[in-house]
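Spelled out from the first residue to the last, the chains are:
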Amino acid sequence: MRLVLAFGAPALALVAAFLITSLVLVVAGDSVSGVWGQILSLPTHRGYVNIINAATVYYLSAVAVAIGFRMNLFNIGVDGQYRVASFAAAVVAGEAWLPGYLNTALAVVAAIFAGAMWAGIAGLLRVTRGVSEVISTIMLNATATALVAYLLRKTAIDGGSSNIVSTKPVPEGSRVGGFTLFSDTPTQVYGMLILAVVVGVAYGFVINRTRFGFDLRATGASETAAVASGINVKRMVVVSMLLSGAIAGLVGLPLLFGNDYAYGSTFQSGLGFAGIAIALLGRNHPFGIALGALLFAFLDEQANPLQILLNISPDIVKITQGTIVLTVVIAYEVVRRYGIRLEQRRVSTALDDEPPSAPIEQEVRA
Amino acid sequence: MRELSSSTAHSSLADDIVVRLRDIGKTFPGVVANHDVNIDVRRGTVHAVVGENGAGKSTLMKILYGVQKPDSGTIEVNGRQVSLSSPADAIAAGVGMVFQHFMLADNLTVLENVVLGAEKLHGIGGAARTKILELSDGYSLGVEPDVLVEELGVGARQRVEILKVLYRGASIIILDEPTAVLVPQEVDELFGNLRELKAEGLAVIFISHKLDEVLSVADEVTVIRRGATVDTVRADSVNSRQLAEMMVGSELPTPHTEESTVTERIVLQVRDLHLGSAGGRDLLSEIDLVIRSGEVLGIAGVEGNGQAELVESIMGMRPGATGHMELGGVDIAGMSTRQRREAGVGYIPEDRQRHGLLLDAPLWENRVLGHQTRKPNVSGPLIDRAGARKDTERIVREYDVRTPGIDTAAGALSGGNQQKLIVGREMAGNPILLIAAHPTRGVDVGAQAAIWEHIKRARREGLAVLLISADLDELIGLSDTIRVILRGHLGQEFDPATVTPQMLGSAMTGADA
């Protein structure tokens, strides 16, 4: 029954999202069957690889957001955190102070550190000055954009006649190779996929099995009860913001070491916001987030050819994605309330079967 | 004290009943808020509803104002049976409510605030202004329609709220703890206004736990205890001691029959505990107390005199608290809440749903809460699921927690079973000091007896127990020593063997001081 409830809500949300997107297509006079025919077709082999790669990046972003969510912290700043961190990693990797994979490792550490520090600012503001992390992380996103653009100018190598500016490229020996999934396409799965798997397993383990994870969840479930139980809530806010930022720092690394090999003005942006949506969709569950990330990546990839095939903007799937998130939030709440009622009924039926050993209050008073 | 029911006709009390509540019952998951509530409110009277916090006054008034629907019982307004499913229904029936926390927009004028949401009645312009001035003069409220609300003091804001209710045509006005926010002069003004209202034939329902105020303004008083009406009496036929006694109960289910187990060994010693507040008045000052092994120290007091602050200061949840505190000879004043718990403090919080439980989490996770650094819940940095689950099974068995299983969410249990789980959990930590704040509030009688038994057992086992309760019978029945807290000061000490609820009642209200 719990499983039915858990999967019922996202299924409901998907159906609603498809209906609403279809409605938009009808109103716009576009071919509904054409769009869904393309989106719901089987991807090409290259498409499969692209989906996995995009999902890897989405996954890291969503886990970063989910850590905050588990604590009732709304880290909207993953977007800024991963850009600051990717830039820091790109600079470190480009300078190549260490040889080979040692250089890669140092860059990863730099990314984690930079992401954590950027998020930590919001955490510190929250506990010392009471600034809502929603506000401060939005501001920090804007600040990150400006800061990275400024520093990029300082550190960028001369792009020659091109308008594109970027950091020094990561040396060949420090790049992370991919896996070949299909022999008929040169596109490879990011080697950093392993990083996402490790992060997912670690996230699930820490949240569910450790004392720290218990404190984190307890604080998210009821701050008042957490305080009474002896949890230092302020410390938890700072630590979980640091952790969230540290994971956010990893978001851009598959791109940096597996595809772009430098941080430039064309580096993919907006991943942090997709992460918020996917974390919501996946209910902060390590496995649920993975499904959500794959779904979002699938929609992105399948919508790409729409422009060429049907002259319809692929942005139509953004409507689908947005509606999924909106409807899933509603559906989860409906299912949650239903679940509570179900459980209360279950408790009362289970207890009505046994004879009450103590008189209930009404009888005593009568 | 049943004068009212026997005195059929009293000249000062008009006999037409405008509100008649019969057998009202309301249950929330985990709490029985009201049952068997019967109240008659007469036209042209101020009818006070008194009871300790948590006795069910607010829920009852929400039912009468249409915010909550009762599970059982009937409501009659002006002789007609009504079903109130929203405040709009209540207003249509002539019932209005002034909440404790005002619902006014600061940046709008009085006129704008009054007409907001009631634009259809007299428009928003001249007609509305005329009506407001007419009401203000008619009831001597002294409200000026064009002043910004942010420029008004608390008393004036309250009068605006009353006017809002009158403007919407209410003839029955509920005031929820109206004096809690007022200084004494403002209280006198308010009472003057209330007398005007009743002189004009309106009925005022006045919720309070301040007995002296109730007696000075009310015509009739209904006492609520543990969610049920105890009795309705005429205000001029009782004194505050008698009311206090009715509020906290006079049935003694378990008198103090056991032998004293008090030893000489001091477990908790608090000296010169002090807690300031942003508002200036100290929440706690010069608190000195000692609890010995095997001793139950009961704290009596009217709600809001520093009980919650005292408990939270001892638990380390109030960063501003200063003073000296020793637990079993160890200085705990500088310790965090977790360190104090580890040092041997068990804590049964006043509000179990907010401070004691994670309502959406299963029982076994709630077993871990507050004990997440100790065996059998953890091994090293990891949660020991098997250990925690096994011990939860034991608590469920030994403390008679009625539940289908330990994976049930805590929020689905009844209040008594939630509390038994908390008691079992706190005793599992092998505490040397048990702090129990209102341990039987909102629980059924069966669970109440069980919880009392557990506290007595803790005392026999040599724990020091700090017991806070609004139920004087509970205090007298369980305590070895009773002290009264009044305005943040810990005062007189009483021997429960000789003290009466009346003596405590007057010490609590400061009547004897």
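Residues numbered from 1 in each chain as written. Chains lettered and ligands numbered in written order. Predicted model: local features only at pLDDT ≥ 70, side-chain atom pairs only at ≥ 80, totals over all residues.

1. A closer look at the overall build of chain A
Then comes step 1: Regarding its fold elements, chain A presents 16 helices and 0 strands.
Then comes step 2: With respect to the principal axes defined by its C-alpha atoms, chain A has extents near 95 × 55 × 35 Å.
Then comes step 3: Taking all 366 residues of chain A together, the buried fraction comes to 44%.
Then comes step 4: Within chain A, contacts between residues separated by at least 24 positions form 76% of all contacts whose residues are at least 6 apart in sequence. (Helix = DSSP H or I, 4+ residues; strand = E, 2+ residues; numbered from the N terminus. Buried ≥ 20, exposed ≤ 12 C-beta atoms within 10 Å, placed from the backbone. Contact = placed C-beta atoms within 7 Å.)

2. Digging into the overall build of chain B
Then comes step 1: The secondary structure content of chain B amounts to 19 helices and 22 strands.
Then comes step 2: Taking the principal axes of the C-alpha coordinates as reference, chain B spans close to 75 × 50 × 45 Å.
Then comes step 3: Across the 513 residues in chain B, those meeting the buried criterion constitute 51%.
Then comes step 4: Excluding contacts between residues fewer than 6 apart, the proportion of contacts in chain B whose partners are at least 24 apart in sequence is 70%.

3. Quick notes on the pairing of strand β19 (residues 433-437) of chain B
Residue and element names in this part refer to chain B.
Then comes step 1: Burial of β19 is extensive: 5 of the 5 residues sit out of reach of the surface.
Then comes step 2: Both faces of β19 are covered, namely the face carrying Leu433, Ile435 and Ala437 and the face carrying Leu434 and Ala436.
Then comes step 3: Across 4 bridges, strand β16 (residues 345-348) lies against β19 in parallel orientation. The residue bridging Gly346 from the neighbouring strand is Leu434, located in β19.
Then comes step 4: Pairing of β19 with strand β20 (residues 464-468) involves 5 bridges; the strand directions are parallel. Residue pairing for β20: Leu434 is matched across the bridge by Val465. (Pairing = 2+ DSSP bridges.)

4. Some words on the nonpolar core
Then comes step 1: Core analysis: the largest hydrophobic core is formed by 256 residues, its most contacted members being A:Tyr58, A:Ala89, B:Ile173, B:Leu433, B:Ile435 and B:Val465.
Then comes step 2: Counting residues per element, this core draws most heavily on helix α3 (residues 45-69) of chain A, at 15 residues. (Core = buried A, V, L, I, M, F, W, Y, C linked by C-beta atoms within 7 Å.)

5. Things to note about the confidence of the model for chain A
In low-pLDDT segments, the atomic positions of the prediction should not be examined closely.
Then comes step 1: When pLDDT is averaged along chain A, the result is 85, and 93% of the positions lie at 70 or above.
Then comes step 2: A low-confidence stretch, residues 353-366 of chain A stays under pLDDT 50, and its non-local contacts, those more than four residues away or across chains, total 12 contacts. (pLDDT = per-residue confidence, 0-100.)

6. Quick look at the confidence of the model for chain B
Residue and element names in this part refer to chain B.
Then comes step 1: Of the residues in chain B, 91% reach a pLDDT of 70 or more, and the chain-wide mean stands at 83.
Then comes step 2: Throughout residues 1-14 the model reports pLDDT below 50, and contacts reaching past four residues in sequence, or to other chains, amount to 19 contacts.
Then comes step 3: Scoring the predicted complex yields pTM 0.73 and, for the interface, ipTM 0.81.

7. So, the environment of B:Asn193
Residue and element names in this part refer to chain B.
Then comes step 1: Tracing the sequence through the fold places Asn193 in helix α8 (residues 184-199).
Then comes step 2: By the C-beta count within 10 Å, which is 20 here, Asn193 ends up buried.
Then comes step 3: In sequence terms Asn193 and Glu245 are 52 residues apart; their C-alpha atoms lie 29 Å from each other.
Then comes step 4: In contact with Asn193, not counting residues within four places along its chain, are Tyr139, Ser140, Leu141, Arg159 and Ile162.

8. Remarks on unusual backbone geometry
Residue and element names in this part refer to chain B.
Then comes step 1: In this structure, Pro376 follows Lys375 across a cis peptide bond, with omega equal to 0°.
Then comes step 2: By secondary structure assignment, the location of Pro376 is in the loop between α14 (363-368) and β17 (378-379).
Then comes step 3: Backbone geometry at Asp272 places phi at a positive 55°, although glycine is not the residue there.
Then comes step 4: Tracing the sequence through the fold places Asp272 in strand β11 (residues 266-275).
Then comes step 5: In this structure, Asp400 is a non-glycine residue whose phi angle is positive, near 55°.
Then comes step 6: On the secondary structure map, Asp400 appears in the loop between α15 (385-398) and α16 (415-428).

9. Let's talk about the environment of A:Asp79
Residue and element names in this part refer to chain A.
Then comes step 1: Inspection of the secondary structure puts Asp79 in helix α4 (residues 78-95).
Then comes step 2: According to the C-beta neighbour criterion, Asp79 is buried, with 28 such atoms within 10 Å.
Then comes step 3: Each C-alpha atom, one on Asp79 and one on Val65, is 10.0 Å from the other, the two residues being 14 residues apart in sequence.
Then comes step 4: Once residues lying within four places of it in the same chain are set aside, the contact partners of Asp79 are Asn141, Gly270, Leu271, Gly272 and Phe273.

10. Focus on the environment of B:Asp400
Then comes step 1: Exposure remark for B:Asp400: the 16 C-beta atoms within 10 Å place this residue in the partly exposed category.
Then comes step 2: Ignoring sequence-local partners within four residues, the contact set of B:Asp400 consists of B:Lys420 and B:Ala450.

11. Focus: the sheet that holds β16(B)
Residue and element names in this part refer to chain B.
Then comes step 1: Here we have 6 strands laid out as an open sheet, ordered β16-β19-β20-β13-β21-β22, and mixed in their pairing. Two strands in the sheet have a free side with no partner beyond their single neighbour: β16 and β22 (489-494). Shown here is a sheet whose adjacent strand axes are inclined to one another by a mean of 20°, direction ignored.
Then comes step 2: Of the strand pairs in this sheet, strand β21 (residues 481-486) and β22 are connected by 4 bridges, and their pairing is antiparallel. Bridge assignment links Ile482 to a residue of β22, and that residue is Phe494.
Then comes step 3: Each of β13 (296-300), β19, β20 and β21 touches helix α11 (residues 307-314); the most contacted strand, β19, lies at about 150° to it.
Then comes step 4: Lying on the sheet, helix α19 (residues 501-509) is in contact with β13, β21 and β22; it crosses β21 at an angle near 30°. (Axes fitted to C-alpha atoms, helices over the stretch in contact; angles between N-to-C directions.)

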